[in-house]
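# Structural characterization, general
For reference, the chains in residue letters:
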Amino acid sequence: MAQSFNHIGVIGCGAWGTALAMALLRGVRQVTLWAHAPEVADSLNAKRENIQYLPGIALDPNLKVTSDLNALAGCEAWLLATPAQHVRAICKQLAKTAPASVAPVILAAKGIEQNTSALLSEVVAAELPKNPVAVLSGPSFAIEVAQGKPAALTLAVKDKALGENLVRSLVTPALRLYGTDDIVGAQIGGAVKNVLAVACGIVAGRKLGENARAAIITRGLAEMMRLGLALGGRSETMMGLSGLGDLVLTCSSAQSRNTSLGMALGEGKTLADILASRSSVTEGVTTAAAAQALAKKHNVDMPIVAAVDAILNRKADIETTIAELLARPLKSETA
């Protein structure tokens, strides 16, 4: 039976949450954007611009912004665009705010929970067991989505009928959605590509050339697929928009926060100084350790992810780490 989702609550008013709220307004009748801080919500409502995260983009006059989570209790679907490490806390709040709700929760966050190595869908399922989970992922820079430029994303939902209804409700003339039931593969692609983008940024910062970047993307894709398959994902998902597509976009542009962080590291800046200069979250930093822990748990070989984790979290020397990667035993490309 066809179902329409006419009121979407977007939770998180960073660049991605704001951009998605703008995009969805072009297809959905009503969108309410939630900001954690009242002063941020007040600023967005008064100035009709997200000055901190999307400067220069005028907010649609129909976009409602609030800091009151109760205003989202009646939404027909919730879209989570918070940093990955905040997803559990938000879900706990939603469980208290609307305990009877069975609204689908659409994950637009990309990452793995650091303390538990849990996929974000597992976090939502634990905290909101009555709410179906969907995953929205794919190659997309927030600024372009906010501007209404074309983008294609994957929407992963276990229930086929629900997935088809969500796709029909959320698609817009510029935002094309492709459905799948592989929520594991869609999440692994979105999370691991952030770690690989840090590696590509280091390569660029060290001026190691485009050959090295291509090698990182290709061998990184192999790592992504090994982990995804070990967790029950499908290879075709990770070869699609939410895997290869997102990987290529993120690793090929300094517009990516993860790539630009890697570039700064490669140029000799310290991680502490880089993070101190940023107001937005760089997901690859926390995901590196979580992905490596998940790989170890499932006995999956991910040398590039392990190298990035060592550089970010154990102060490994970049030159030594690169030399160790290049000195690894030779093997078949498909092994």
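Everything here concerns the structure above.
In this report, we go over the structure that sits alongside the text.

### What about the nonpolar core?
By size, the foremost hydrophobic cluster in this structure holds 44 residues, and its most contacted members are I8, L79 and I106. The leading source of residues in this core is helix 1 (residues 15–25), at nine residues. Ranked by size, the runner-up nonpolar core spans 42 residues in total, among them I112, V184, I217 and L271.

### A word on the sheet that holds strand 3 (residues 64–66)
With mixed pairing, the eight strands of this open sheet are ordered in space as 3-2-1-4-5-6-7-8. Each edge of the sheet is formed by a strand with only one pairing partner; in this case those strands are strand 3 and strand 8 (175–180). Direction aside, neighbouring strands of the sheet carry axes that sit 25 degrees apart on average. Pairing of strand 5 (residues 105–107) with strand 6 (residues 133–137) involves three bridges; the strand directions are parallel. Across the sheet, the residue bridging to V105 is V133, located in strand 6. Contacts from helix 1 reach strand 1 (7–11), strand 2 (30–34), strand 4 (77–80), strand 6, strand 7 (151–157) and strand 8 within the one sheet, and its direction differs from that of strand 2 by about 170 degrees. Together, strand 1, strand 5, strand 6, strand 7 and strand 8 form the strand contacts of helix 6 (residues 160–170), whose direction differs from that of strand 7 by roughly 150 degrees.

### Quick look at the packing of helix 7 (residues 183–205) against helix 14 (residues 303–313)
The geometry of helix 7 relative to helix 14 is characterised by a closest axis approach of 9 Å and an angle of 70 degrees between their N-to-C directions. The angle between helix 7 and helix 14 falls in the class roughly perpendicular. Mapping the contact onto sequence places V192, V195, L196, V198, A199 and I202 in helix 7 and I304, V305, V308, I311 and L312 in helix 14. By residue class, the composition of the contact of helix 7 with helix 14 is eleven nonpolar, no polar and no charged.

### A look at the environment of P129
In this structure, P129 sits in the loop between helix 4 (120–127) and strand 6. Looking at P129, the relative accessible area reads 66%, which means it is exposed. Distance in space between the C-alpha atoms of P129 and A174 is 33 Å, their sequence separation being 45 residues.

### A few points about the side chain of T18
Structurally, the position occupied by T18 is in helix 1. Reaching out from T18, the side chain makes a polar contact with the backbone oxygen of C13 at a distance of 3.2 Å. Aside from chain neighbours lying at most four places away, what touches T18 is G12, C13, L33, N50, L54 and L59.

Reading the values: the criteria
- Residues numbered from 1 in each chain as written.
- Predicted model: local features only at pLDDT ≥ 70, side-chain atom pairs only at ≥ 80, totals over all residues.
- Heavy atoms only, no water.
- Core = buried A, V, L, I, M, F, W, Y, C linked by side-chain atoms within 4.5 Å.
- Buried < 20%, exposed > 50% of the residue type's maximum accessible area, 1.4 Å probe, protein only.
- Helix = DSSP H or I, 4+ residues; strand = E, 2+ residues; numbered from the N terminus.
- Pairing = 2+ DSSP bridges.
- Axes fitted to C-alpha atoms, helices over the stretch in contact; angles between N-to-C directions.
- Contact = heavy atoms within 4.5 Å.
- Parallel < 35°, antiparallel > 145°, perpendicular 65-115°, else oblique.
- Nonpolar A, V, L, I, M, F, W, Y, C, P; charged D, E, K, R; others polar.
- Polar contact = N/O pair within 3.5 Å; in protein donor to acceptor, adjacent residues only side chain to side chain.

That's the geometry; what it means functionally is another story.
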